[in-house]
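Analysis of the macromolecular model
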Amino acid sequence: MKKRLAEFIVIFSMWILLTWSVKIQDLFAGLVVAFFVTILTRRLFPDDFLKLLNPRRFLLGAFYIPYLFYYILLANLDVAYRVLNPFLPIRPGIVKVKTSLKNDFAKTILANSITLTPGTLTVEVDGDYFYVHWINVSSDDPEIQRELILGRFERMLRRVFE
Amino acid sequence: MSNSFAVAFIIIGVTFDLLGCLGLIRLPDIYNRLQAATKSVTLGTCAILFGVALEFGIINSGGIKALICILFVMFTSPTAAHALARGSHIRGFKLWEESVVDKLKKDREK
């Protein structure tokens with residue numbers, strides 16, 4: 001029940017931000033829409049969302065966004081370098097890495113973060129294993145691969161969600 | 001003043017989008033192309049939207065919508081890239097001949 005209420009509040013605040021109006025008819029329409037969306041998507045809403053209400057987790061989660069942006073910027077400079085270089089310095093391949101995160105919501109964010117960061121793209125997720133397409137396979141050792149691809153995000157997401 | 005910042009962000013965004021398109025043409029197979037497309041287009045589009053938000057003023061109806069769009073783009077674009085890559089691999093699109101390793105194919109054949 002607490003979860004439903006949190007979901008309802010998130011959806012309703014999204015509605016207010018999108019309509020940007022506090023007229024009574026807009027708010028009423030928002031209440032009705034948010035109510036039905038809450039009912040329709042009850043199985044899609046991640047269970048662990050409420051964990052973010054804890055202030056320590058929330059702060060770490062908020063810090064994660066600029067951290068991710070920094071790596072997105074690096075990823076773009078990396079793409080620019082590879083695309084503009086006339087010799088096309090790539091050595092692509094699909095590697096398999098194991099994550100130690102257990103939480104599904106955290107895994108989703110980790111997989112999306114991998115896709116947005118330099119040279120890596122999540123192709124398939126199978127339980128604890130990620131299959132990652134890597135544009136420049138620089139090592140054949142699974143431990144080093146793990147550290148290079150997951151290390152920087154995994155530590156942080158574990159502190160936020162576990 | 002805020003206007004020139006806005007224009008600067010839009011120019012940066014367009015530049016990265018352009019690099020992403022160049023990547024689509026230059027890189028050899030679908031997986032590498034997706035890499036270039038996803039990363040550059042995400043940052044490029046976010047930068048353009050942020051420029052738009054600055055131009056409108058952040059705290060009003062236009063600016064807030066642009067900021068929310070940044071959030072949606074950041075969630076949906078990697079998910080879409082993941083879905084395309086996964087679909088292509090299941091359907092059997094080959095990696096580039098000079099790729100060094102394909103663990104996923106090996107595990108699927110088991």
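Residues numbered from 1 in each chain as written. Chains lettered and ligands numbered in written order. Predicted model: local features only at pLDDT ≥ 70, side-chain atom pairs only at ≥ 80, totals over all residues. Heavy atoms only, no water.

Below, the discussion takes up the environment of Pro-86 of chain A. Along the chain, the position of Pro-86 of chain A falls in the loop between α3 (55–84) and β1 (93–98). On a C-alpha basis, the gap between Pro-86 of chain A and Phe-153 of chain A in space is 32 Å, while along the polypeptide they are 67 residues apart. (Helix = DSSP H or I, 4+ residues; strand = E, 2+ residues; numbered from the N terminus.)

For chain B, per-residue confidence averages 84 on the pLDDT scale, and 93% of positions sit at 70 or higher. Within chain B, the element-level pLDDT minimum falls on helix α4 (residues 103–109) of chain B, averaging 70, and the maximum on helix α1 (residues 2–26) of chain B, averaging 88. (pLDDT = per-residue confidence, 0-100.)

Here we take up the pattern of salt bridges. Residue and element names in this part refer to chain A. Applying the stated criterion across every chain, the model contains six salt bridges over all chains. Between Asp-128 and Lys-102 there is a salt bridge whose closest N-O contact spans 3.2 Å. Note that Asp-128 is positioned in the loop between β2 (120–126) and β3 (129–134) and Lys-102 in the loop between β1 and α4 (104–116), a separation of 26 residues in sequence. By relative accessible area, which is 22% here, Asp-128 ends up partly exposed. For Arg-158, the salt bridge identified is with Glu-154, shortest N-O distance 3.6 Å. Pair noted here: Arg-158 and Glu-154 are both in helix α5 (residues 142–161), with a separation of four residues, about one helical turn. Among the residues examined, Arg-158 registers a relative accessible area of 32% and is labelled partly exposed. (Salt bridge = Lys/Arg side-chain N within 4 Å of Asp/Glu carboxyl O. Buried < 20%, exposed > 50% of the residue type's maximum accessible area, 1.4 Å probe, protein only.)

So, on to empty space enclosed by the protein. The probe, sized like a water molecule, is rolled over the atoms to show the empty space still left. Per the stated rule, a full pass over the model turns up one cavity of 30 Å³ or more. The space that makes up the largest cavity amounts to roughly 50 Å³. Lining the largest cavity are Asp-78, Val-79, Arg-82, Val-83, Gly-119 and Ile-135 of chain A together with Leu-27, Gln-35, Ala-36 and Lys-39 of chain B. Elements with a contribution of two residues or more to the lining of the largest cavity: α3 of chain A together with α2 (30–56) of chain B. Examining the composition of the lining of the largest cavity, we find that four residues originate from one element, α3 of chain A, more than from any other. The residue inventory of the lining of the largest cavity, partitioned by class, reads five nonpolar, two polar and three charged. (1 Å grid on protein atoms, 1.4 Å probe; cavity = no way out; pocket = protein on both sides within 12 Å on 5 of 7 lines; lining within 4 Å. Points joined across faces, edges and corners; volume = space filled by probe spheres on them. Nonpolar A, V, L, I, M, F, W, Y, C, P; charged D, E, K, R; others polar.)

What follows is about the confidence of the model for chain A. Chain-level statistics for chain A give a pLDDT mean of 82 and a share of 97% at 70 or above. In the model of chain A, α5 of chain A stands out as the element of lowest mean pLDDT, 78, in contrast to helix α2 (residues 24–40) of chain A, which has the highest, 90.

With that settled, the discussion passes to the pairing of β3 of chain A. All names here are of chain A. The element β3 is largely enclosed, with a buried count of five among its six residues. Pairing of β1 with β3, which is carried by six bridges, proceeds in the antiparallel orientation. By the bridge assignment for β3, Gly-93 is matched with Trp-134. When β2 meets β3, the two strands line up antiparallel, connected through six bridges. Following the sheet pairing, Leu-121 is matched in β3 by His-133. Where β2 folds back onto β3 in an antiparallel hairpin, the turn is made up of two residues, including Gly-127, whose phi is positive at roughly 60°. (Pairing = 2+ DSSP bridges.)

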